[in-house]
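A look at the structure
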Amino acid sequence: MAKRLLTQEKIPTYHLQDFRHLHRDTDNLSAFGYNNLPEANKIKGFEIYSSEGLVSAVGPLKSDFYRMSITLAGGVDVRLGVEEFRHQPGTISFTYPGQVFAKCNIQPGTFGYYALFEADFLETLISPDKFQEEFPFFSIEGQLFIQLNAEEITEVTAHVQQIDTELHQLKPGRNMAIKLYFYLLLLAIKRSYIRQELHVTSTDTRAAYLVPRYRKLVSQHYLSKRKVADYAALLGVTPNHLNRTVREVTGHTASYAISTMLVQEAKALLRFTDNTIAEISHRLDFSDPAGFNRFFREQTGQTPLGFRKNVS
């Protein structure tokens with residue numbers, strides 16, 4: 001696979017139209033969703049697939065569109081920013097534009113669906129600037145992983161099947177029908193989200209709220225903010241309180257989350273670009289390549305060059 005060159009000081013952000021080769025087996029014969037849909041039948045800004053034909057591992061990478069993944073059987077490990085979760089039947093995860101995303105360790109027999117869509121796909125139903133407010137699980141303040149009960153997942157799956165039916169037929173009003181079914185799908189998820197009281201208040205400093213908010217802030221600002229004190233100020237707590245709370249909940253220091261994101265960024269740069277080690281060191285704001293090499297080896301057990309050779 002050809003490496004994609006950087007044009008700015010971060011890993012490349014993929015657009016929906018150039019993303020397929022990173023997540024699909026091009027030889028897969030599945031007839032579901034967009035997998036083998038004729039070009040003339042496709043809808044701008046929206047794609048949906050089943051897990052049949054999904055490659056064994058995706059990322060870490062970034063995109064400028066939203067992503068939603070539903071698991072019905074089996075399991076898969078998903079990382080969003082510094083948050084990790086094992087998908088199981090009934091799990092749904094969400095990704096917003098610019099977020100670092102990775103998926104791996106797919107169990108045999110795993111099955112589910114996933115949708116990719118641009119911010120303005122539903123603009124005839126809801127303004128793009130109101131989308132995250134309407135569906136908070138797609139925002140940095142929301143919960144990015146949720147578990148639905150059997151009744152809820154059945155309703156969501158029914159909407160997915162209706163979308164697939166509309167995609168493969170050319171009936172009048174097809175495009176709007178797909179948007180409406182997708183909106184209803186998101187609404188069903190929102191109702192579960194509210195039922196489970198998964199909203200996060202921006203001023204609550206209890207561990208149950210503070211740690212997820214800290215992780216999301218790190219996912220958003222890790223390239224520009226490297227000190228725990230920076231995040232403590234954003235969260236309205238002292239650095240000591242933040243460190244203590246994060247350690248109690250995760251078993252790691254607060255700085256571990258920052259290091260984890262930097263490692264993900266470094267791995268993506270090493271894998272997807274042709275930048276030299278010195279250039280990557282500079283882009284990640286290390287004082288010199290030796291310091292970057294030392295940091296990367298401490299975190300991964302490999303040198304940056306060794307990692308690049310292993311993934312080439």
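Residues numbered from 1 in each chain as written. Predicted model: local features only at pLDDT ≥ 70, side-chain atom pairs only at ≥ 80, totals over all residues. Heavy atoms only, no water.

**A look at the packing of helix H6 (residues 228–235) against helix H7 (residues 239–250)**
H7 packs onto H6 with a crossing angle of 100° between their chain directions and a minimal axis gap of 8 Å. Classified by the angle their axes make, H6 and H7 are roughly perpendicular. Across from Val-228, Ala-229, Tyr-231, Ala-232 and Leu-235 in H6, the residues of H7 making contact are Pro-239, Leu-242 and Asn-243. Residue composition of the contact of H6 with H7, by class: seven nonpolar, one polar and no charged. (Axes fitted to C-alpha atoms, helices over the stretch in contact; angles between N-to-C directions. Helix = DSSP H or I, 4+ residues; strand = E, 2+ residues; numbered from the N terminus. Parallel < 35°, antiparallel > 145°, perpendicular 65-115°, else oblique. Contact = heavy atoms within 4.5 Å. Nonpolar A, V, L, I, M, F, W, Y, C, P; charged D, E, K, R; others polar.)

**A few points about the nonpolar core**
Grouped together as the largest cluster of nonpolar side chains are 56 residues, with contacts concentrated most on Phe-46, Met-68, Phe-138 and Phe-182. The contacts of Phe-46, once residues within four sequence positions are left out, are Leu-16, Tyr-34, Ala-115, Leu-116, Phe-117, Phe-121, Ile-163, Ile-178 and Phe-182. Val-100, Leu-210, Leu-235 and Ile-258 belong to the second largest nonpolar core, which has 32 residues in total. (Core = buried A, V, L, I, M, F, W, Y, C linked by side-chain atoms within 4.5 Å. Buried < 20%, exposed > 50% of the residue type's maximum accessible area, 1.4 Å probe, protein only.)

**Points about a nonpolar patch on the surface**
A contiguous nonpolar surface patch, about 230 Å² in accessible area, is contributed by Leu-125, Met-176 and Leu-180. In this fold, Leu-180 is placed in helix H4 (residues 174–195). On the basis of relative accessibility, which here comes to 41%, the residue Leu-180 falls in the partly exposed class. (Patch = residues over 30% accessible without salt bridge, like charges linked within 9 Å, V, L, I, M, F, W, Y side chains within 5 Å. Areas by Shrake-Rupley, 256 points an atom, 1.4 Å probe, with all protein chains shown as cover. Salt bridge = Lys/Arg side-chain N within 4 Å of Asp/Glu carboxyl O.)

**Quick notes on the sheet that holds strand E10 (residues 145–147)**
Hydrogen bonding along the main chain pairs the strands of a sheet, whether they run parallel or antiparallel. Taken in spatial order, the five strands of this open sheet run E2-E9-E4-E7-E10, and their pairing is antiparallel. Of all strands in the sheet, those with a lone pairing partner are strand E2 (46–50) and E10, marking the two edges. Adjacent strand axes in the sheet meet at a mean angle of 15°, parallel and antiparallel pairs treated alike. Along the sheet, H4 makes contact with E2, strand E4 (66–73), strand E7 (91–95), strand E9 (111–117) and E10, crossing E4 at roughly 70°. (Pairing = 2+ DSSP bridges.)

**Points about the pairing of strand E8 (residues 101–104)**
Where strand E3 (residues 58–63) lies against E8, two bridges are found, and the strand directions are antiparallel. Across the sheet, residue Val-58 finds its bridge partner in E8, namely Lys-103. Alignment of strand E5 (residues 76–80) against E8, held across four bridges, turns out to be antiparallel. Opposite Arg-79, over in E8, you have Ala-102 as the bridge partner.

**Comments concerning the packing of aromatic side chains**
This structure, assessed with the given rule, holds 31 aromatic pairs. Pairing Tyr-34 with Phe-46 gives two aromatic rings, centres 6.5 Å apart and planes at 80°, and the pair type is edge-to-face. Of the two residues, Tyr-34 sits in the loop between helix H1 (20–23) and E2 while Phe-46 sits in strand E2, which places them twelve residues apart along the sequence. Among the residues examined, Tyr-34 registers a relative accessible area of 2% and is labelled buried. Residue Phe-46 is classed as buried on the basis of its relative accessible area, which comes to 1%. An angle of 55° between the planes, with centres 5.5 Å apart, marks the rings of Phe-131 and Phe-135 as tilted. Each of the two residues, Phe-131 as well as Phe-135, counts as buried. (Phe/Tyr/Trp six-rings, centres within 6.5 Å; stacked < 30°, edge-to-face > 60°.)

**Focus: the pattern of salt bridges**
Taken as a whole and judged by the stated rule, the model has eight salt bridges. The residue Glu-118 makes a salt bridge to Lys-44 at a minimum N-O spacing of 3.9 Å. Here Glu-118 is found in the loop between E9 and helix H2 (131–134), whereas its partner Lys-44 is found in the loop between H1 and E2, with 74 residues between them in sequence. A relative accessible area of 71% means that Lys-44 is categorised as exposed. Salt-bridge contacts for Arg-195 lead to Glu-152; the nearest nitrogen and oxygen are separated by 2.7 Å. Residue Arg-195 is found in helix H4, and its partner Glu-152 is found in helix H3 (residues 150–167); the two are separated by 43 residues along the sequence. A relative accessible area of 10% places Glu-152 in the buried class.

**A look at the packing of helix H8 (residues 254–272) against helix H11 (residues 304–311)**
For the pair H8 and H11, interaxial distance at closest approach is 9 Å and the crossing angle is 55°. Considering the angle they form, H8 stands oblique to H11. Between H8 and H11 the crossing geometry is right-handed. Contacts between H8 and H11 involve Lys-267, Leu-269, Leu-270 and Arg-271 from the first element and Pro-304, Phe-307, Arg-308 and Val-311 from the second. Among the residues forming the contact of H8 with H11, the class breakdown is five nonpolar, no polar and three charged. (Left-handed = near helix turned anticlockwise from the far one by under 90°.)

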